[in-house]
Amino acid sequence: TYHFCLAGYAGQPWNCKPCQPGTFSSKGNMTSCDECGFGEYQPEEKSTECDSCTYPQTTYGKGATKATDCEGPGLDFTVGKDKKHTVIDSKAKGYNNVEKVDNKKGEWIFYSEHNYQGDHIAVHEGESFIKGDGQHKTEQVLAAKSYYAVFPNVFCYLQDYAHEYKGKRSRDMHGNECKNS
């Protein structure tokens, strides 16, 4: 029997409680568990650390309890008939033989050349493009050679070239108001 709390637990001697999801204690003898910070989550009890969101995704608060609390830009690509890829950050060299693109989250700029060069087109959150769908920009989106994620305002989704707020949130991950400049 331990007199003091072990890592993953907190409280008073002889009265230790496990850290709950979204919290952790990295060392023993803690009187309270710490919350996971921005960009971190922890789904388990008795945790000694938090898991990190995949960069550049983050959380909109502290104490996140699941990986799906991580948010940020996200594109789904179908290459060929059934090979799927997810992109969550800018990609200087795109895919070949793209059949479908779904913009799950954020604002993106698709370029006709590698390394963000050539003609470009904006792709907005919620847009989908499927080969042969008849949309006027589908061919340009599917043929793009690089993809740039636009998120300069810490996930308010502020268009950096037009300075127009396009997000669905009233505050960014640090609590600052999202607004048009």
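Residues numbered from 1 in each chain as written. Predicted model: local features only at pLDDT ≥ 70, side-chain atom pairs only at ≥ 80, totals over all residues. Heavy atoms only, no water.

Draft legend 1. Structural context of the packing of aromatic side chains. Taken as a whole and judged by the stated rule, the model has 7 aromatic pairs. Between Y111 and Y116, the aromatic rings sit 6.1 Å apart at their centres with planes inclined by 75 degrees, giving edge-to-face as the arrangement. Judged by its relative accessible area of 29%, Y116 is partly exposed. A ring pair is formed by Y116 and Y148, whose centres lie 5.9 Å apart and whose planes are at 75 degrees; its orientation type is edge-to-face. Taken together, the residues span a long stretch of sequence, with Y116 in the loop between β10 (107–113) and β11 (117–123) and Y148 in strand β13 (residues 146–150) at a distance of 32 residues. One aromatic cluster in this structure is built from F77, Y95, F110 and Y147. (Phe/Tyr/Trp six-rings, centres within 6.5 Å; stacked < 30°, edge-to-face > 60°. Buried < 20%, exposed > 50% of the residue type's maximum accessible area, 1.4 Å probe, protein only. Helix = DSSP H or I, 4+ residues; strand = E, 2+ residues; numbered from the N terminus.)

Draft legend 2. Representation of the pattern of salt bridges within the structure. Applying the stated criterion across every chain yields a total of 4 salt bridges. Between K131 and E99 there is a salt bridge; the shortest N-O distance is 3.8 Å. Of this pair, K131 sits in the loop between β12 (128–130) and α1 (138–143) while E99 sits in strand β9 (residues 98–105), and the two are 32 residues apart along the sequence. Here K131 falls in the exposed class, since its relative accessible area comes to 54%. Since its relative accessible area comes to 28%, E99 is described here as partly exposed. For K100, the salt bridge goes to D102, with nearest N and O atoms at 3.5 Å. (Salt bridge = Lys/Arg side-chain N within 4 Å of Asp/Glu carboxyl O.)

Draft legend 3. Quick peek at the state of the cysteines. Tallied over the full model, the rule gives 4 disulfides. One disulfide in the model links C36 with C50; its S-S distance is 2.0 Å. Since a negative S-S torsion denotes a left-handed disulfide, the C36-C50 link at about -80 degrees is left-handed. Taken as a pair, C36 in the loop between β4 (34–35) and β5 (40–41) and C50 in the loop between β5 and β6 (51–52) lie far apart in primary sequence, 14 residues in all. Pair check on accessibility: C36 and C50 agree, each one buried. (Disulfide = S-S within 2.5 Å.)

Draft legend 4. Spotlight on the pairing of strand β8 (residues 83–87). The sheet contact formed by strand β7 (residues 74–79) and β8 spans 5 bridges and is antiparallel. When the bridges of β8 are listed, F77 appears paired with H85. (Pairing = 2+ DSSP bridges.)

Draft legend 5. Representation of the side chain of D102 within the structure. Relative to the helices and strands, D102 resides in strand β9. Discounting chain neighbours no more than four positions away, the residues touching D102 are G74, L75, D76, E127 and S128. (Contact = heavy atoms within 4.5 Å.)

Draft legend 6. Spotlight on the environment of Q42. Assignment of secondary structure puts Q42 in the loop between β5 and β6. C-alpha of Q42 to C-alpha of F24: the two residues are 18 residues apart in sequence and 8.0 Å apart in space. At a separation of 3.0 Å, a polar atom in the side chain of Q42 contacts the main-chain amide nitrogen of E44. A polar side-chain atom of Q42 sits 3.3 Å from a polar atom in the side chain of S47. (Polar contact = N/O pair within 3.5 Å; in protein donor to acceptor, adjacent residues only side chain to side chain.)

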